[in-house]
Amino acid sequence: MVAPKIRRLPVLAAALALALGLTSCGEDGDSGGSGGHDLGEATIVLGGKVITWAPAYVAICQGYFSDHGLDVDLTVSPQGTTSAIAGLVSGDALSAMTGAPAAVSPIREGAPVQMLFNASIGYGVQVVGSEKMLAEKHITKDSSLEDRVKALKGETVAILNPGDSIDQLLRFVLPKYGMDPDKDIRMLALNNYTNMFAAMKIDKIGVLAGSPPNGNQAESQGVGQILFSGNEFPELKNYPYLVGSANTRELKQNPDRVKALVAGMGDAMKLLRDDPDAGKSCLRKEFADLDQKTFDSAYADTVKAVPDSPLITPEVFKSLSDFAAASGQPLGVDYQKAVAADIVKDSVG
């Protein structure tokens, strides 16, 4: 096991969001095969620090990217998915790893981006109600799913960014119970989970949502309780919750760097599927601030969501497309345009 090579991006001014200040890995990387070749350095950017990115953390920790010739620097964007995608579009990052809706949006708008691999299957978003809101609406964990969803009515709900996985889940769920997400709740974009927790602690919001371990952590800190998660809806069991994207220029000019990235992720996924506890020590280092109960719960949920393959199949893409349409925000792109499937197939066999 190698020492993790993981860093955090400093908070950037809006004017610098497109650049991200990352080391460029655009056109000067070695385009040779990865078998024993040095493919140089590359930056991958996570749209947020969540435990569901376990395969990426494990691939760094276990040296899987290095095994394929790629020296990967993993960064976490404090400005969320928007700046992560901006770094990808500008060519400063080899891959941006975000929720699927954030990955599709630039493709629909004509940006030189394609989705590359799937890293988490299902819909891991956890919707958390504040203790105050739950008490006022007499909601407990034993309440029906319908009552738990309807408890959102009239509340301010913190999301990361407009159009993100949280936004889309709410637009999918609320109409099932006769609510209008544009009228019955107020979505407030707070960009990161630190801001969400701070707002809930001072009763500025009644609801927040996000990927594990944030819901688990809210419970352990006494900030709130998980109302429901996307995984409670059977239609979402094949949803590609977290995906990695690549710049189409990299796909054409430096395919071996991209293949090495996918292969490293694939190795980490196989490890987690074959031996679910194998990545626990790697993840514990990254989430050392979590109490053990929270970590164990979030980790268990995470490894269950590791897909059998990093390939985004047509069936998985259809789940994404159907969900987007049901949420009132059709994808507007087809599988061939959105997914770089061939290079993934070449990477993992």
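Attention here is on the structure that accompanies the text.

Analysis parameters
Residues numbered from 1 in each chain as written. Predicted model: local features only at pLDDT ≥ 70, side-chain atom pairs only at ≥ 80, totals over all residues. Heavy atoms only, no water. Core = buried A, V, L, I, M, F, W, Y, C linked by side-chain atoms within 4.5 Å. Buried < 20%, exposed > 50% of the residue type's maximum accessible area, 1.4 Å probe, protein only. Contact = heavy atoms within 4.5 Å. Pairing = 2+ DSSP bridges. Helix = DSSP H or I, 4+ residues; strand = E, 2+ residues; numbered from the N terminus. Right-handed = clockwise from strand over helix to strand, strands pointing away. Axes fitted to C-alpha atoms, helices over the stretch in contact; angles between N-to-C directions. Salt bridge = Lys/Arg side-chain N within 4 Å of Asp/Glu carboxyl O. Disulfide = S-S within 2.5 Å. Phe/Tyr/Trp six-rings, centres within 6.5 Å; stacked < 30°, edge-to-face > 60°.

### Quick notes on the nonpolar core
And then number 1: Met115, Leu116 and Leu283 are the most contacted members of the largest nonpolar core, which has 115 residues in total.
And then number 2: With residues near it in sequence (within four places) discarded, Leu116 still touches Gly244, Ser245, Ala246, Leu251, Val258, Leu261, Val262, Pro310, Ile312, Ala340, Ile343 and Val344.

### Regarding the pairing of strand β8 (residues 186-189)
Successive residues of a regular strand alternate their side chains across the two faces of the sheet.
And then number 1: Inspection of the sheet shows strand β7 (residues 156-159) paired to β8 by four bridges, in the parallel sense. Across the sheet, residue Ala158 finds its bridge partner in β8, namely Leu188.
And then number 2: What joins β7 to β8 is helix α7 (residues 165-173), and the crossover it makes is right-handed.

### Considering the sheet that holds β7
And then number 1: Pairing is mixed across the open sheet formed by five strands, whose spatial order is β8-β7-β9-β6-β10. Where the open sheet ends on each side, the last strands, each with one partner, are β8 and β10 (224-229). Between one strand axis and the next, the sheet turns through 30 degrees on average, direction left out of account.
And then number 2: Both strand β6 (residues 126-130) and β10 contribute to a ladder of five bridges, which runs antiparallel. Paired with Val128 across the bridge in β10 is Ile226.
And then number 3: Here α7 sits on the sheet and contacts β6, β7, β8, β9 (207-210) and β10; the angle it forms with β7, its principal contact strand, is near 140 degrees.

### Quick notes on the pattern of salt bridges
And then number 1: Tallying each qualifying case throughout the model produces 12 salt bridges.
And then number 2: Between Arg171 and Asp167 there is a salt bridge, and its shortest N-O distance comes to 2.6 Å. Note that Arg171 and Asp167 are positioned in helix α7 at a spacing of four residues, about one turn of the helix. There is no split in this pair, since Arg171 and Asp167 are both buried.
And then number 3: The closest approach of N and O atoms between Asp182 and Arg171, which form a salt bridge, is 3.0 Å. Linking Asp182 in the loop between α7 and β8 with Arg171 in helix α7, this pair joins segments that are 11 residues apart in sequence.

### Focus: the state of the cysteines
And then number 1: For the structure on display, the rule yields one disulfide.
And then number 2: Linked covalently through their sulfurs, Cys61 and Cys282 form a disulfide whose S-S length is 2.3 Å. Between Cys61 and Cys282, the S-S torsion sits near -75 degrees, and that sign places the bridge as left-handed. Of this pair, Cys61 sits in helix α1 (residues 54-61) while Cys282 sits in helix α12 (residues 280-286); the two residues are 221 residues apart in sequence, bridging distant segments of the chain.

### Some words on helix α3 (residues 81-89)
And then number 1: For α3, a buried count of seven out of nine residues is recorded, marking the element as mostly surrounded by other parts of the structure.
And then number 2: Within α3, the full set of buried residues consists of Thr81, Ser83, Ala84, Ile85, Ala86, Gly87 and Leu88.
And then number 3: Residues of α3 that are buried sit in contact with β2 (41-46), β4 (95-99), α4 (100-108), β5 (113-121) and β11 (240-247).

### With respect to the packing of aromatic side chains
And then number 1: Taken as a whole and assessed by the stated rule, the structure comprises 10 aromatic pairs.
And then number 2: For the ring pair Tyr57 and Phe287, a centre distance of 5.8 Å and an interplane angle of 85 degrees mean the geometry is edge-to-face. A residue pair is termed long-range when its members are at least 10 positions apart, and Tyr57 in helix α1 and Phe287 in the loop between α12 and α13 (292-304) qualify at 230 residues. One exposure class covers both Tyr57 and Phe287, and it is buried.

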